[in-house]
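The chain contents come next:
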Amino acid sequence: MGLAKDYYGYRLAAVNEINPVTAIDHIYNDKGVLILSQGSLFSKSRADQIAQHKLIKPLEHCVDVTKSLDAGELFKLLIKFSAALPGLNAVADNQAIKNILIDQCRYYSKFPLLRQKLTVLSSQLPEIYYNSLYSAVAGIALGYELQLDDKELRTVFIGGLMHNIGFLHLNPELTGNEANLEKDESIQVQAHPIIAKHFLDHIPKLDKDIGEAVLDHHERTDGTGYPKHKFGKDLTIASQVIAFTDELVCAYKRCEEHNEHSHQLTMLILQFNSHVHFEKVYKAAIKLLKLGPAPDSPPKTAPPAHELITQQERIKGAFEATKKLGFVLMKNTRCRLTKSIASMLGRLATSIISAGIIQDEYHDWLKSAIEVDDPMEHLPLLQSKVMLDEIEEQIERFKSIMWKAIKQIPEEEHLLVESCINSYNQIDRLKKPTA
């Protein structure tokens, strides 16, 4: 899964406009030709020039950002961040966890390359940066609850900070808009854990377990993750803590607009995905979330019931088309993904059955809610919306796995390939419309 072009130089050039970025070494291409002299500032024109070449040394090893985030600043940020988030605010009051965070921030600060990447991330991709802060502090909170050892805690913390730095090397057009990516573009985005591992593995004296855990932060215990579709027996506890914190922050962001109900709804999303993570990590995370506020009144508004009916019908059609293609691939392919397809199909069926959306009673309830705006029905309607959205997310993830399987069918089986692509496109036509 290679990159046609590395965009990190352009990120550095943008940072240079507010925080000088200097070449600390001569930069040569792989032919030994000098591209940029030591001491030069990193401008966009120089980024353009460097982007045309393969370098002898990774670019980040040849530059320095004048002001980078140090240990003290990072610790203050993490405590401030924790205090502002229900569910994490207990971290700010737990001296044992604060002591662990102090130690981890000091360790982070020993590595200029870590400081450089986090500083560039904060400037260029602020939303991903804040997600990384959340992942690091939530990871330590979970690690403390799980009684992880010092090495595992270090892996969780540094891995949490660094797990998404691969996005700095991707085309900016591929970041921040993942929901609307084409299938092949989505596969490019899935290279970001590989890029991050490569970076971490080349930092002198940094524990190699960190890079391995970051590589696996999108893996799932049933083989439905990426980039290697590993199963639970091949995953470490540290990698799955990072994976869960990453999923936790994504789920919370989908629900945060619902204020005091956001924690309930976040837990609902996590329940749909509980069996693709280590059980003890899931339980520790739910315990952490329960420290958040308990609502004392129903939501003031609810999603329109007629829109939920439309979404329900769309999901039923998409599921039937997805199931049909899944069975074809399970019968006619023999690759590592076949087992993942079987697992994902079972999980999707379980989600739909547990949500009850195929039951006539569910449809009748939604119809009755169109006629009467009952405040006591607001929370159930909101929960239904979250469940339906999560099922559509699962269908999208399943589609990604099936597309990879289709791409692995030998070319000589062109009739099977053509049939599978037609079935895949049928699911596409039924998917959630984009805004």
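Rules used in this analysis
- Residues numbered from 1 in each chain as written.
- Predicted model: local features only at pLDDT ≥ 70, side-chain atom pairs only at ≥ 80, totals over all residues.
- Heavy atoms only, no water.
- Phe/Tyr/Trp six-rings, centres within 6.5 Å; stacked < 30°, edge-to-face > 60°.
- Buried < 20%, exposed > 50% of the residue type's maximum accessible area, 1.4 Å probe, protein only.
- Lys NZ or Arg CZ within 6 Å of the ring centre and 35° of its normal.
- Helix = DSSP H or I, 4+ residues; strand = E, 2+ residues; numbered from the N terminus.
- Polar contact = N/O pair within 3.5 Å; in protein donor to acceptor, adjacent residues only side chain to side chain.
- Contact = heavy atoms within 4.5 Å.
- Axes fitted to C-alpha atoms, helices over the stretch in contact; angles between N-to-C directions.
- Left-handed = near helix turned anticlockwise from the far one by under 90°.
- Nonpolar A, V, L, I, M, F, W, Y, C, P; charged D, E, K, R; others polar.
- Core = buried A, V, L, I, M, F, W, Y, C linked by side-chain atoms within 4.5 Å.

**Q** I would appreciate a short explanation of the packing of aromatic side chains in the present structure.
**A** Here a ring pair, both rings aromatic, is described through the centre-centre distance and the interplanar angle of the planes. Under the definition given, this model contains 8 aromatic pairs. Ring geometry for tyrosine 7 against tyrosine 10: centres 5.9 Å apart, planes inclined by 40°, an arrangement best described as tilted. With respect to class, tyrosine 7 is no different from tyrosine 10; both count as buried. Among the aromatic side chains, those forming a connected cluster through ring pairs are Phe81, Tyr129, Tyr130 and Tyr134. Between the NZ or CZ atom of lysine 117 and the centre of the ring of phenylalanine 199, over which it lies, the distance is 3.7 Å. The ring of phenylalanine 231 has lysine 339 lying over it, and the distance from NZ or CZ to the ring centre is 4.5 Å.

**Q** Please clarify how the side chain of asparagine 273 should be interpreted in this entry.
**A** Position of asparagine 273 relative to the elements: it lies in the loop between α13 (262-272) and α14 (279-289). For asparagine 273, a relative accessible area of 3% translates into the label buried. Here arginine 397 takes part through its side chain, which lies 3.3 Å from a polar atom of the side chain of asparagine 273. With residues near it in sequence (within four places) discarded, asparagine 273 still touches Glu247, Arg347, Glu390, Gln394 and Arg397.

**Q** Even after reading the chapter, I still don't get the environment of lysine 316, so can you show me in this structure?
**A** Relative to the assigned elements, lysine 316 resides in helix α15 (residues 305-332). A residue is classified by how much of its surface remains accessible, and lysine 316, at 31% relative accessible area, is partly exposed. Taking the C-alpha atoms as reference points, lysine 316 and glycine 32, separated by 284 residues in sequence, lie 59 Å from one another. Here lysine 316 is in contact with Ile357 and Ile358, once residues within four sequence places are set aside.

**Q** Help me out: how do you make sense of the packing of helix α5 (residues 95-109) against helix α8 (residues 150-162) in this one?
**A** Interhelical geometry of α5 versus α8 gives an angle of 65° and a closest axis separation of 10 Å. Relative to α8, the crossing made by α5 is right-handed. Here Ile100, Leu101, Gln104, Cys105, Tyr107 and Tyr108 of α5 come into contact with α8, specifically with Asp150, Leu153, Arg154, Phe157, Ile158 and Leu161. Tallied by class, the residues present in the contact of α5 with α8 amount to 9 nonpolar, 1 polar and 2 charged.

**Q** What exactly am I supposed to notice about the nonpolar core here?
**A** Nonpolar side chains tend toward joint burial in soluble globular proteins. In terms of nonpolar packing, the biggest core is built from 139 residues, with Phe42, Leu74, Leu101, Leu114 and Phe157 touching the most fellow members. Of all the elements, helix α18 (residues 378-407) adds the most residues to this core, at 13 residues. When sequence neighbours within four positions are dropped, the list of residues in contact with phenylalanine 157 reads Leu74, Leu78, Leu101, Gln104, Cys105, Tyr108, Ala136 and Ile140.

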